[in-house]
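A structural walkthrough
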Amino acid sequence: MADLPEPLPVQSAAPEAAEASIIGLTLNGVTRVVPLDDPRVTLLDLLRERLGLSGAKKGCDRGQCGACTVLLDGRRVNACLVLAVTLDGAAVETIEGLGGGGALHPLQAAFVEHDALQCGFCTPGQIMSALGLLAEEGNDPDPERIRAGMSGNLCRCGAHPAIVAAIRAVIGAGDRSEMPE
Amino acid sequence: MKAFDYLKPDAVPAAVGALAANPDAKLLAGGMTLLPTMKQRLAEPAALIDLAGIAGLKGITLDGDTLTIGAMTPHAEVAASATVAAAIPALAALAGGIGDPAVRNRGTIGGSLANCDPSADYPAAVLGLGATVITDRREIAADDFFLGLFETALEADELITAVRFPRPLRAGYAKFKSPASRYALVGVFVAETVAGVRVAVTGAAASVFRAPAFEAALAADFTPGAVAGLSVDAADLNADIHAEASYRAHLVTVMAKRAVAAALE
């Protein structure tokens, strides 16, 4: 092959060669500069283990359960399937960024109002996913569309009907009378 | 996950050069399959070459009757694209049914094709529409691209840059999906093009394949009824905890009928 390009800078995981890279990201509106000593660190581990934000939960750690859902540049992602080292310049929103001044975000308030949780483990992911759904697809109140749009977030307690009702309430389309018996 | 080096080239030649220089490296597109596979230690690449820094690998353009989708374009962008919806609505619908929203926001068409999962959706569209896979060095016709289980015609250091789809007269896709993963137990893509009818089946066998008997029947009569009496040989199909081979064979016929109905809508 002619004209081989210059070797790329490599971030190595080998300790002796460890050359810490530094990423800058906007986390819940605040600029953070984070040193990374290992490219294996996922966004989820960065949040939970290194930045003290334990709202996003580690359920399956392989993109199946949605408990780690956060917004990356405004769109939903599984934080367990994003390498932190790839996020230089990105904007991340987590459940900790919602509400403020002691007030709940309307989605949080609706989840409380509709009993849209039992154990609560999946709830931060559900709420961030719902936030992403409203941002990505607008305020269509069709329950089937909401169910499809929330299909990446599993609730093993079975709160899905109440979750759909809570989202519909935020859209302005639902009320308690539509709750399943 | 085993340790790996991380590289982020900013141009295709640099990525290809890095891949050629690191035979044990893997290209990282959306990572929706590669990262879980690495977490399960089913893949242990020595290096990841991140394609996200390369400008020009992402985007959708329509030139006449040719729709070109950049390899790093995520499924959600294809699903929401007015350009795709106008040119090949069945392709937009297919992209909107892959996995779940978080997966669609990250997963890419190039990654899906290079991985060549037997249950993936995109291979059905690429083969069914007679698309062309464009790489850093050549163009590969869909009929020559899919070789087998997770096996494609790509060389070890070859990189997909885009996929070119000819606009069909009409097309439809139907899949019977796993309720958990949304992967296709069986998916059938049907397209009527100026060059004839093409029927591609995913999920059913080791790799996506065409169904010539279905194509001939639909060429004569493009209706769901034309394929109702046809079937594929179950001996060649997958059998696993989700479905026996005979059930998959049954689903091929049912999904073909539904795909034709969708194309006629």
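Small disclaimer: the values here were computed from a predicted structure and weren't measured. (Residues numbered from 1 in each chain as written. Chains lettered and ligands numbered in written order. Predicted model: local features only at pLDDT ≥ 70, side-chain atom pairs only at ≥ 80, totals over all residues. Heavy atoms only, no water.)

Some details on the nonpolar core
We count it as follows: Nonpolar cores were defined as sets of buried Ala, Val, Leu, Ile, Met, Phe, Trp, Tyr and Cys residues, with membership established by side-chain atoms within 4.5 Å. Only protein chains enter the accessibility calculation, which uses a 1.4 Å probe; a residue is then buried when its area is under 20% of its type maximum, exposed when over 50%, and partly exposed in between.
Core analysis: the largest hydrophobic core is formed by 40 residues, its most contacted members being Leu 91, Leu 113, Tyr 122, Val 126, Phe 165 and Phe 189 of chain B. Of all hydrophobic cores here, the second largest spans 38 residues; its members include Leu 27, Leu 72, Val 77 and Ala 79 of chain A.

Points about the interface of chain B and chain A
For clarity, the cut-off: Every residue pair with non-hydrogen atoms within 4.5 Å of one another is taken to be in contact. Accessible-area loss on putting two parts together, using a 1.4 Å probe and summing over both, is the definition of buried area adopted here. A side-chain nitrogen of Lys or Arg and a carboxyl oxygen of Asp or Glu constitute a salt bridge if their distance falls within 4 Å. For the purposes of these results, a polar contact is taken to be a pair of N or O atoms within 3.5 Å, where, inside protein, one atom must be able to donate a hydrogen and its partner to accept one; residues adjacent in sequence count only when each atom of the pair is a side-chain atom. Counting from the N terminus, the helices are DSSP H or I runs at least four residues long and the strands are E runs at least two residues long. Amino acid classes used here: Ala, Val, Leu, Ile, Met, Phe, Trp, Tyr, Cys and Pro are nonpolar; Asp, Glu, Lys and Arg are charged; the rest, including Gly, are polar.
Contacts between the two partners involve 32 residues from chain B, matched on the other side by 31 residues from chain A. Between chain B and chain A, roughly 2500 Å² of surface is buried when both sides are summed, and carbon and sulfur atoms account for 63% of that area. Connecting chain B to chain A are 1 salt bridge. Of the charged contacts in the structure, one is a salt bridge between Lys 39 of chain B and Asp 61 of chain A, with a shortest N-O distance of 2.8 Å. If you look at where chain B meets chain A, you find 7 residue pairs in polar contact (both at pLDDT 80 or more). At the level of secondary structure, the elements contributing two or more residues to the side of chain B that touches chain A comprise strand S1 (5-7), helix H1 (12-21), helix H2 (34-39), strand S3 (47-50) and helix H6 (101-106) of chain B. Residues of the side of chain B that touches chain A, tallied by class, amount to 19 nonpolar, 4 polar and 9 charged.

Things to note about the side chain of Gln 126 of chain A
Residues and elements named next belong to chain A. Relative to the helices and strands, Gln 126 resides in helix H3 (residues 123-137). Of the residues examined, Gln 126 reaches a relative accessible area of 1% and is grouped as buried. Each residue touching Gln 126, except ones within four places of it in the same chain, is listed here: Phe 111, Met 150, Asn 153, Leu 154, Cys 155, His 160 and Ile 163.

Considerations on helix H5 (residues 160-171) of chain A
All names here are of chain A. Formally: An expected span of 1.5 Å times one less than the residue number is assigned to each helix.
If you check H5, its first and last C-alpha atoms are 17 Å apart, about what 12 residues at 1.5 Å a residue would give, namely 16 Å. Considered for burial, the residues of H5 that qualify are Ala 162, Ile 163, Val 164, Ala 165, Ala 166, Ile 167, Arg 168 and Ile 171. In the core, the buried residues of H5 are packed alongside helix H2 (106-113), H3 and helix H4 (143-149). Of the residues one or two after H5, Gly 172 is the one with positive phi, at around 95°.

Considerations on the pattern of salt bridges
Applying the stated criterion across every chain, the model contains 22 salt bridges over all chains. Among the salt bridges present, the one from Arg 147 of chain A reaches Glu 144 of chain A, with a minimum N-O distance of 3.3 Å. Taken together, the residues Arg 147 of chain A and Glu 144 of chain A, both in helix H4 and 3 residues apart, mark about one turn of the helix. Take Arg 147 of chain A: its relative accessible area is 46%, and that puts it in the partly exposed class. For Glu 144 of chain A, a relative accessible area of 47% gives the class partly exposed. For Glu 155 of chain B, the salt bridge identified is with Arg 137 of chain B, shortest N-O distance 2.8 Å. In this pair, Glu 155 of chain B is assigned in the loop between strand S9 (151-152) and strand S10 (160-166) and Arg 137 of chain B in the loop between strand S6 (132-135) and strand S7 (139-141), connecting sequence segments 18 residues apart. Residue Glu 155 of chain B is classed as partly exposed on the basis of its relative accessible area, which comes to 42%.

Focus: the sheet that holds strand S5 (residues 91-93) of chain A
Residues and elements named next belong to chain A. The cut-off we apply is this: Pairing between strands requires that DSSP locate at least two bridges from one strand to the other. To define axes, lines are fitted to C-alpha atoms, for helices over the stretch in contact only, and angles between the resulting N-to-C directions are given on a 0 to 180 degree scale.
Read across the open sheet, the 5 strands follow the order S2-S1-S5-S3-S4; overall the sheet is mixed. Single-partner strands in this sheet number two, and they are strand S2 (30-36) and strand S4 (75-78). Strand-to-strand, the axes of this sheet are offset by a mean angle of 40°, without reference to chain direction. When strand S1 (residues 21-27) meets S5, the two strands line up parallel, connected through 2 bridges. For Leu 27, the partnering residue across the bridge sits in S5 and is Val 92. Running over the sheet, helix H1 (residues 43-50) touches S1, S2, strand S3 (69-72) and S5 and is turned about 100° from S2. Against the sheet, H3 engages S3, S4 and S5, with an angle of about 40° to S3.

Some thoughts on the domain arrangement of chain A
Residues and elements named next belong to chain A. Our working definition: Start and end points for every domain follow an automatic or database-based domain assignment.
Once the domains are mapped, chain A shows domain 1 (21-97) and domain 2 (106-171). Each of domain 1 and domain 2 has a C-alpha centre, and these two points are 21 Å apart. Of the residues lining the interface, 16 residues belong to domain 1; the matching set on domain 2 comes to 17 residues. Between domain 1 and domain 2, roughly 1300 Å² of surface is buried when both sides are summed, and carbon and sulfur atoms account for 58% of that area. For the pair domain 1 and domain 2, the number of links is 1 salt bridge. Arg 76 serves as the salt-bridge partner of Glu 136, at 3.0 Å between the closest nitrogen and oxygen. Inspection of the domain 1/domain 2 interface yields 6 residue pairs in polar contact (both at pLDDT 80 or more). With 3 residues, S3 is the largest single contributor of residues to the side of domain 1 that touches domain 2. Broken down by class, the residue content of the side of domain 1 that touches domain 2 amounts to 5 nonpolar, 6 polar and 5 charged.

Some details on the pairing of strand S2 (residues 25-28) of chain B
Residues and elements named next belong to chain B. Heads up, the rule is: A crossover gets the label right-handed when its path from the first strand over the helix to the second runs clockwise, viewed with the strands pointing away from the viewer.
Inspection of the sheet shows S2 paired to S3 by 4 bridges, in the parallel sense. Within S3, the position partnered with Leu 28 by the bridge is Asp 50. Read as a crossover between parallel neighbours, the route from S2 over H2 to S3 is right-handed.

Here we look at the sheet that holds S3 of chain B
Residues and elements named next belong to chain B. Reading across from one edge, S1-S3-S2 is the order of the 3 strands in this open sheet, with parallel pairing throughout. Only two strands of the sheet have a single partner each, and these edge strands are S1 and S2. Ignoring which end each strand starts from, the neighbouring axes of this sheet average 25° apart. Across 3 bridges, the pairing between S1 and S3 is parallel. Residue pairing across strands places Tyr 6 opposite Leu 48, the latter belonging to S3. Where H1 meets the sheet, it contacts S1, S2 and S3, and its direction lies at approximately 170° from that of S3.

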